[in-house]
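A look at the structure
What follows is the residue order along each chain.
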Amino acid sequence: MSVAKRCKGFNSKCFLFTYLMIVGFLLVLWINRLPLMQEELREIPADMQEYISSPARHLPDVSLNTKNKLALTNGWFNDKWSFVYFSHGQCLPACLPILTTLRELKSGLANKDVQFLVIGIDSENETAEQLDEFLIAQRMDATSATASTEMIDQLARYFIALFLKTDFSDGSYQIEQEHHVFLVDPKGRVYATFMPPYLSSAKIKERFLKLRRFYAKTE
């Protein structure tokens, strides 16, 4: 089968991969032109260059809705390390491996200075309460939050979290996404990205502890 045939149709895996690669490249260019970006002054160890954000990226003004109708703003990130995952309540089975990893990671860290946030990318059809119910069903203890489509899109650009929604003629839709886990530092900056092929919770924990030691030395 030719490449052209494999990529035929907007719902093909090949199309999704190509789309995400192009959008990812454009987002990286866009991020690098942001005036708030600072020059990297740290000397990044070679073994950390694969996953650390260089330089760390300050988040824009954040305003998310939680299940308790409380606004989650930038202050939520202050003085804590935050693991952030963009997803939605219809992500199974693709998201099961990363949800399992996050659940094990939270259990393994069990630290009041570490928190977990799942940002809903299907805000047009899913509330924070519904997303929270889904996470509870998956035995994942995390803060769930949604926002307007515009806010989610803006946040996704800063995190470089890629997803694609395909609408069908019968009114149904499908969301496909990259399953990256982002680490936000106590200053509210995107500090690292953990991406597939999936790392075990033990490996992410090992990298997190290394990042935290590096942070203490360089900040």
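No experiment lies behind these values; they were computed from the predicted model shown.

So, about the overall build of the protein chain. When helices and strands are counted, the protein chain shows 6 helices and 10 strands. Taken across its 219 residues, the protein chain has 46% of its residues classed as buried. For the protein chain, the proportion of contacts with a sequence separation of at least 24, taken over those separated by at least 6, is 71%. Total accessible area computed for the protein chain in this model is approximately 11,900 Å², and 54% of it derives from carbon and sulfur atoms.

Between serine 54 and the following residue, proline 55, the backbone shows a cis peptide bond with an omega angle of -5°. Structurally, proline 55 can be placed in strand β1 (residues 52-58). The phi angle at aspartate 79 is positive, at roughly 65°, despite the residue not being glycine. Tracing the chain through its elements places aspartate 79 in the loop between β3 (71-73) and β4 (81-87).

A few words now on the sheet that holds strand β10 (residues 189-194). Here we have 8 strands laid out as an open sheet, ordered β1-β10-β9-β4-β5-β6-β2-β3, and mixed in their pairing. Sheet topology places β1 and β3 at the edges, where each strand pairs with a single neighbour. In this sheet, neighbouring strand axes are inclined to one another by 35° on average, regardless of whether the strands run parallel or antiparallel. Here strand β5 (residues 114-120) pairs with strand β6 (residues 143-146) via 3 bridges, running parallel. Within β6, the residue paired with valine 118 across the bridge is serine 144. Sheet contacts for helix α6 (residues 201-218): β1, β4, β5, β9 (181-184) and β10; angle to β10, the most-contacted strand, approximately 150°.

So, about the state of the cysteines. On inspection of all chains with the given rule, the structure shows 1 disulfide. Across the disulfide from cysteine 91 sits cysteine 95; the S-S distance is 2.0 Å. Its torsion about the S-S bond being 65°, the disulfide of cysteine 91 and cysteine 95 is classed as right-handed. Residue cysteine 91 is classed as buried on the basis of its relative accessible area of 5%.

Looking now at the pairing of β4. Counting buried positions along β4 gives 7 out of 7 residues, so the element sits mostly inside the fold. Judged by which residues are buried, β4 turns out to be covered on both faces: Trp81, Phe83, Tyr85 and Ser87 on one side and Ser82, Val84 and Phe86 on the other are all buried. As paired strands, β4 and β5 are joined by 7 bridges and run parallel to one another. The residue of β5 that forms the bridge with valine 84 is leucine 117. Chirality of the crossover, the property in question, places the unit of β4, helix α3 (residues 96-109) and β5 among those that are right-handed. Across 4 bridges, β4 lies against β9 in antiparallel orientation. When the sheet's bridge partners are listed, serine 82 is paired in β9 with valine 184.

Next up on the list: helix α4 (residues 128-137). Those residues of α4 lying buried are Ala128, Leu131, Asp132, Phe134 and Leu135. Taken down its axis, α4 places every buried residue within 160° of arc, on the same side. Exposed positions of α4 whose direction lies more than 90 degrees from the buried face are Glu133, Ile136 and Ala137. Looking at the buried positions of α4, the neighbouring elements they touch are β2 (63-66), α3, β5 and β6. After α4 finishes, the residue arginine 139 shows a positive phi value of roughly 60°.

About the cut-offs
Residues numbered from 1 in each chain as written. Predicted model: local features only at pLDDT ≥ 70, side-chain atom pairs only at ≥ 80, totals over all residues. Heavy atoms only, no water. Helix = DSSP H or I, 4+ residues; strand = E, 2+ residues; numbered from the N terminus. Buried < 20%, exposed > 50% of the residue type's maximum accessible area, 1.4 Å probe, protein only. Contact = heavy atoms within 4.5 Å. Areas by Shrake-Rupley, 256 points an atom, 1.4 Å probe, with all protein chains shown as cover. Pairing = 2+ DSSP bridges. Axes fitted to C-alpha atoms, helices over the stretch in contact; angles between N-to-C directions. Disulfide = S-S within 2.5 Å. Right-handed = clockwise from strand over helix to strand, strands pointing away. Arc of directions from axis to C-beta.

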